Amino acid sequence: MKCSKALKTTLLAILVLDLVAVSHGRLRYSFYNGRCGQHNVEAIIQSIVKNSFTTNPKIVAGLLRLQFHDCAVNGCDASILLDGPDSEKTANPNLSVFGYDLIDQIKVVLEAVCPGVVSCSDIIIAATRDATVLAGLPPFQVQMGRRDSLVSLASNVNLPSPDISVSNAIQFFGSKGLNPFDMVLLLGAHTVGVCHCSVINDRLYNYMGTSKPDPSMNPSYMNVLQNHYCPTGQADNNYVYLDDPSSALSIDNNYYKQLMNNKGILPIDQALTLDGSTRWMVDLLANATDFPSLFTQALVKLGRVEVLTGRRGQIRRNCRRIN
Ligand code: HEM
């Protein structure tokens, strides 16, 4: 009797564990091996990303931002890809996000070889990994098995604004399971890419309503920004590199060096050195040789935020709409 009770308890425990595994599932390395006939899913994605990168290296910035804006809003569930009048991509911070066409292109090829198998959310993660490796990161593995959301609402997009304080940013990243060091590493994505002048015009010309530039910015760099990149009265689509222009297409620690020289572009970039809780991290990374490998670890962590696995969500046939 005693033995049978113990057995029952064990069986119940196994069942519960199994249910947990089914309903929440787990991400796995080589998840798609054997699931797409003879085809190597990750190799297919890699070759399409490589072709795109050859003609447009800016795709690295596009995909990094796309991954962040997807994962930071209800998790890495490809909700940002859904079309619709009030979907996430229509929200203000997402209006300058790009890379959607490349995800579509990959999806079409994968649907042709194994329909309904590879999720759009996994494609975002794998494509971003491949692009970042082409831009200077050491090769790294990512786990797969994410599924796609059924919902995408602009009203869910509460991404941090460029003038968020460091403590609020830490809180935001913390709510996604990312610690302050992950945050400082992930902001290192600003080592590639640009910012539109409209985002920083206040810093350049009217800091906090003073009609003067932000005094925390390096004065000679301020001159360059005002005279070369973002002169007054220029079109709104003028832009400035978030990193030293000479290394703006490669993923390296120059971004942190720029910050230590008071050449941060976004208020939150520069704030990382103005706040004692993060300044030491920036200093460390500005002098580190292993930023690229640390960045891969933070990116992997970002890719695991609130994923849908097991039976939750679906594998969309078309990344822009639910099945
Ligand atoms: C507190 C957090 C963050 C804020 C407030 C922020 C804000 C911004 C803003 C305002 C821009 C300029 C957009 C434009 O003018 O078009 C930008 C660009 C960018 N952000 Fe962030 N960001 C944050 C974190 C991140 C993270 C975690 C990543 C990726 C892991 C990321 C990747 C990028 C990239 C790659 C660009 C350049 C995009 C391009 O060249 O088109 N950002 N960010």
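Residues numbered from 1 in each chain as written. Predicted model: local features only at pLDDT ≥ 70, side-chain atom pairs only at ≥ 80, totals over all residues. Heavy atoms only, no water.

1. Some words on the UniProt feature "site: Transition state stabilizer" (unreviewed entry) in the chain
Selection rule: UniProt positions are given in the numbering used here, feature names are shortened, and annotations may be inferred rather than shown by experiment. For the purposes of this entry, the term helix denotes a DSSP run of H or I that reaches at least four residues, the term strand denotes a run of E that reaches at least two, and both are numbered from the N terminus. With a 1.4 Å probe rolled over the protein chains alone, any residue whose accessible area is under 20% of its type maximum counts as buried; one over 50% counts as exposed, and the rest are partly exposed. The criterion used for residue contact is that any of the two residues' heavy atoms lie within 4.5 Å.
Mapped onto the present numbering, the UniProt feature "site: Transition state stabilizer" (unreviewed entry) falls on Arg-65. Structurally, Arg-65 can be placed in helix α3 (residues 59-71). On the basis of relative accessibility, which here comes to 33%, the residue Arg-65 falls in the partly exposed class. Beyond its immediate sequence surroundings of up to four residues, Arg-65 is in contact with Pro-93, Ser-96 and Val-97.

2. Quick notes on the packing of α3 against helix α13 (residues 291-302)
Threshold: Note on definitions: angles span 0 to 180 degrees between N-to-C directions of axes, and those axes are lines fitted to C-alpha atoms, for helices only across the stretch in contact. With respect to orientation, any angle under 35 degrees is reported as roughly parallel, any angle over 145 as roughly antiparallel, any angle of 65 to 115 as roughly perpendicular, and every other angle as oblique. Only Asp, Glu, Lys and Arg are considered charged, only Ala, Val, Leu, Ile, Met, Phe, Trp, Tyr, Cys and Pro nonpolar, and every remaining residue, Gly among them, polar.
At a minimum axis separation of 10 Å, α3 and α13 run at an interaxial angle of 40°. As far as their axial angle goes, α13 and α3 are oblique. In this structure, α3 uses Leu-64, Gln-67, Phe-68 and Cys-71 to contact α13, whose residues at the interface are Phe-295, Leu-299 and Leu-302. Counted by class, the contact of α3 with α13 contains 6 nonpolar, 1 polar and no charged residues.

3. Regarding the state of the cysteines
Put simply, the rule reads: When two cysteine sulfur atoms are found within 2.5 Å, that pair is recorded as a disulfide.
Scanning the entire structure with this criterion turns up 4 disulfides. Between the sulfur atoms of Cys-36 and its disulfide partner Cys-114 the distance amounts to 2.0 Å. Between Cys-36 and Cys-114, the S-S torsion sits near -90°, and that sign places the bridge as left-handed. Linking Cys-36 in the loop between α1 (2-24) and α2 (41-55) with Cys-114 in the loop between α4 (100-113) and α5 (120-134), this pair joins segments that are 78 residues apart in sequence. Given the relative accessible area of 1%, Cys-36 is considered buried. Disulfide partner of Cys-71: Cys-76, at an S-S distance of 2.1 Å. Its torsion about the S-S bond being 120°, the disulfide of Cys-71 and Cys-76 is classed as right-handed. In terms of burial, Cys-71 and Cys-76 fall into one category: buried. The cystine pairing of the chain, numbering bonded cysteines in sequence order, is 1-4, 2-3, 5-8, 6-7. Not part of a disulfide, Cys-195 finds its nearest cysteine sulfur in Cys-197, a span of 7.2 Å.

4. Considerations on the site of the ligand
Operational definition: To be near a molecule or strand, a residue needs just one of its heavy atoms within 4 Å of it. By the criterion applied in these results, polar contacts are pairs of N or O atoms within 3.5 Å in which, for protein atoms, one can donate a hydrogen and the other can accept it, and in which residues neighboring in sequence qualify only through two side-chain atoms. These domain limits were set by an automatic method or by a database of domain assignments.
Taken together, 23 residues lie around the ligand, and Ser-96, His-190, Gly-193, Val-194 and His-196 are the ones closest in. A distance of 3.1 Å separates an oxygen atom of the ligand from a polar side-chain atom of Ser-96. At the level of secondary structure, the elements contributing two or more residues to the shell around the ligand comprise α3, α7 (180-187) and β1 (194-196). Looking at the shell around the ligand, the element that brings in the most residues is α3, giving 4 residues. A breakdown of the residues in the shell around the ligand according to their chemical character gives 17 nonpolar, 5 polar and 1 charged. A domain split of the shell around the ligand shows at least three residues from each of domain 1 (41-156) and domain 2 (166-302).

5. Re α5
Quick reminder of the rule: A helix is expected to span 1.5 Å multiplied by its residue count minus one.
For α5, which comprises 15 residues, the first-to-last C-alpha distance of 21 Å matches the rise-based estimate of 21 Å (1.5 Å per residue) to within 8%. Burial within α5 is extensive, with 13 of its 15 residues counted as buried. Positive phi shows up at Gly-136, right after α5, with a value of about 125°.

6. Let's talk about the nonpolar core
What tends to happen in soluble globular proteins is that the nonpolar side chains get buried as a cluster. What counts, and what does not: As used in this record, nonpolar core signifies buried Ala, Val, Leu, Ile, Met, Phe, Trp, Tyr and Cys residues forming a set joined through side-chain atoms within 4.5 Å.
Core analysis: the biggest nonpolar cluster contains 93 residues, and Ile-45, Leu-81, Ile-103, Ile-106, Ile-251 and Leu-272 have the highest contact counts within it. Here Ile-45 is in contact with Ile-106, Leu-110, Ile-123, Ala-126, Ala-127 and Asp-130, once residues within four sequence places are set aside.

7. What to know about the side chain of Ser-247
As for its placement among the helices and strands, Ser-247 is situated in the loop between β2 (239-241) and α10 (254-260). Overall, the relative accessible area of 7% leaves Ser-247 in the buried class. Within the structure, the side chain of Ser-247 is placed 2.9 Å from the side chain of Asn-254, a separation counted as a polar contact. In this structure Ser-247 touches Thr-191, Asp-252 and Asn-254, once residues within four positions along its chain are discounted.

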